[in-house]
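Chain by chain, the residues run as shown.
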Amino acid sequence: MNDSYLYSAARTPFGRYSGALAHVRPDDLAAHIINGTLARTPALDPQEIGDVVWGNANGAGEDNRNVGRMAVLLAGLPTSVPATTVNRLCGSSLDAALIASRAIESGDTDIVLTGGVESMTRAPWVLPKPERAYPVGNTTAVSTTLGWRLVNERMPKEWTVSLGEANEQLADRFTISRERQDAFALRSHRLADEAWNAGFYDDLVVPVPQEDGTALQRDEGIRPGTSMEKLAALKPAFRTDGLITAGNASPLNDGASAVLIGSEAAAVRIGSDPLARIAGRGVSALDPQMFGFAPVEAANRALKRAGISWSDVAAVELNEAYAVQALACVDAWDIDPQIVNAKGGAIALGHPLGASGGRLLGTLSRRLQESGQRWGVAAICIGVGQALAVVLENVTGNSR
């Protein structure tokens, strides 16, 4: 069996809902990050790419008909480069990387470009197609931006509660206070702002041109001026007496990410040394309403397969869908919270569903490079009760 390695990672800035990226189609956004990522490995002939595996959680609008293949064509890659699109909701681009790593380790191919895209702004409303012509009565348009839609009545009601209500239930179960959630959110914004100001994200982010001739350079959702007082003033979003607000949950976003994965032998064709080895993978599932807690077991499984324990881990990138679910996972792992999302997380940076897994891998790899530490974990919760996790081993020259 071969080993699989991360060679390069990049993403767009993440735009707010109806923000600076609202004018960009998701297939164009995906094509943009493909070109931006490949520009970082100029020695690589695109014809050497054995496959493109792309993540997308919606697929109901301009991202339909295999958006991965559409992005490859729009990016101007040779038509001989194949592509597929995978949908594991929030975990789609992390799943794409896992699929690529398995293909490389099995010897099916040597180089796979992975990534994901989501335009939550441009996600359409949909109408159920009538079973017969000219039905009597009204039809309701359903938003495809986020969460359950067109729910099968056979699903138990407790499974199909809103994502926010599901996380209110987590707060009840683990007694995680509003104050603690708000403090976690404040930390996310502070660390994201500090990381951007220090230049951490400069080499990870590919700016997106704007209609006025400028470019979006930085994530739009970071609020460096927020405070505990401002967060405490926000009203609950899901329960009248609830704990979850717009301030301690991730926002709706637009964005794309990409990760180039290859075998050790592919370094010659890629023209650079690998940054990290994909050392362990984990997938887990729980009752749908418990999705926020699913990363706990996914990460534990990934660590076991990598042959290490939490005591070896120096950096964690955990997607912050909600502060409460991130806190529940960190508590269960019993790890130092300071190693988690040290450059900010999704509450500040954003969570364009299909792109977030690629962001986690890119940030984790860069953190390990910066610190010289050896082991890191990326994990993400996924709606309908699932989670994915990856263990990365730093293989750059300053690994210790």
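Residues numbered from 1 in each chain as written. Predicted model: local features only at pLDDT ≥ 70, side-chain atom pairs only at ≥ 80, totals over all residues. Heavy atoms only, no water.

Visitor: Provide a residue-level description of the overall build of the protein chain, including the pertinent values.
Guide: A tally of regular secondary structure across the protein chain gives 11 helices and 14 strands. Compactness check: the protein chain gives a C-alpha radius of gyration of 20 Å against a globular reference of 21 Å for 400 residues, within 12% of the reference. Referenced to the eigenvectors of the C-alpha coordinate spread, the extents of the protein chain come out at roughly 60 × 55 × 45 Å. In the protein chain, which comprises 400 residues, the share counted as buried stands at 58%. Looking at the protein chain alone, contacts between residues at least 24 apart form 79% of all its contacts between residues at least 6 apart. Side-chain charges in the protein chain split into 36 positive and 44 negative, and the spacing between the mean points of these groups amounts to 3 Å. (Helix = DSSP H or I, 4+ residues; strand = E, 2+ residues; numbered from the N terminus. Rg over C-alpha atoms; globule rule 2.2 N^0.38 Å. Buried < 20%, exposed > 50% of the residue type's maximum accessible area, 1.4 Å probe, protein only. Contact = heavy atoms within 4.5 Å. Lys, Arg positive; Asp, Glu negative; His and termini not counted. Charge placed at Lys NZ, Arg CZ, Asp CG, Glu CD.)

Visitor: Before we move on, can you summarise the layout of surface pockets with the specific residues and values?
Guide: Of the volumes computed, that of the largest pocket is approximately 520 Å³. If you go around the largest pocket, you meet 31 residues; those closest to its centre are Ala246, Ala249, Ser250, Pro251 and Leu252. Looking at the lining of the largest pocket residue by residue, the class counts come to 19 nonpolar, nine polar and three charged. Looking at the second largest pocket, its volume works out to about 270 Å³. Contributing to the lining of the second largest pocket are 17 residues, with Leu89, Leu146, Gly147, Trp148 and Arg149 lying nearest its centre. Counted by class, the lining of the second largest pocket contains nine nonpolar, six polar and two charged residues. (1 Å grid on protein atoms, 1.4 Å probe; cavity = no way out; pocket = protein on both sides within 12 Å on 5 of 7 lines; lining within 4 Å. Points joined across faces, edges and corners; volume = space filled by probe spheres on them. Nonpolar A, V, L, I, M, F, W, Y, C, P; charged D, E, K, R; others polar.)

Visitor: I'd like to hear about unusual backbone geometry, residue by residue, with values.
Guide: Of note, the phi angle at Leu89 is positive, near 50 degrees, even though the residue is not glycine. Within the fold, Leu89 resides in the loop between β4 (83-86) and α3 (92-105). By relative accessible area, Leu89 is classed as partly exposed at 30%. Positive phi outside glycine occurs at Asp334, with the angle close to 55 degrees. On the basis of relative accessible area, Asp334 is assigned to the exposed category, the value being 68%.

Visitor: Hey, could you go over the pattern of salt bridges for me, with residue numbers and the actual values?
Guide: Throughout the structure, instances matching the rule amount to 21 salt bridges. One salt bridge connects Arg239 with Glu165, and the closest N-O pair in it is separated by 2.9 Å. Taken as a pair, Arg239 in the loop between α6 (228-232) and β10 (253-263) and Glu165 in helix α4 (residues 163-174) lie far apart in primary sequence, 74 residues in all. By relative accessible area, Glu165 is classed as buried at 18%. The residue Glu393 makes a salt bridge to Arg277 at a minimum N-O spacing of 2.8 Å. Note that Glu393 is positioned in strand β14 (residues 386-394) and Arg277 in strand β11 (residues 276-285), a separation of 116 residues in sequence. Comparing Glu393 with Arg277, the two get one shared label, buried. Linked by salt bridges that have partners in common, Asp3, Arg277, Arg374 and Glu393 make up one network. (Salt bridge = Lys/Arg side-chain N within 4 Å of Asp/Glu carboxyl O.)

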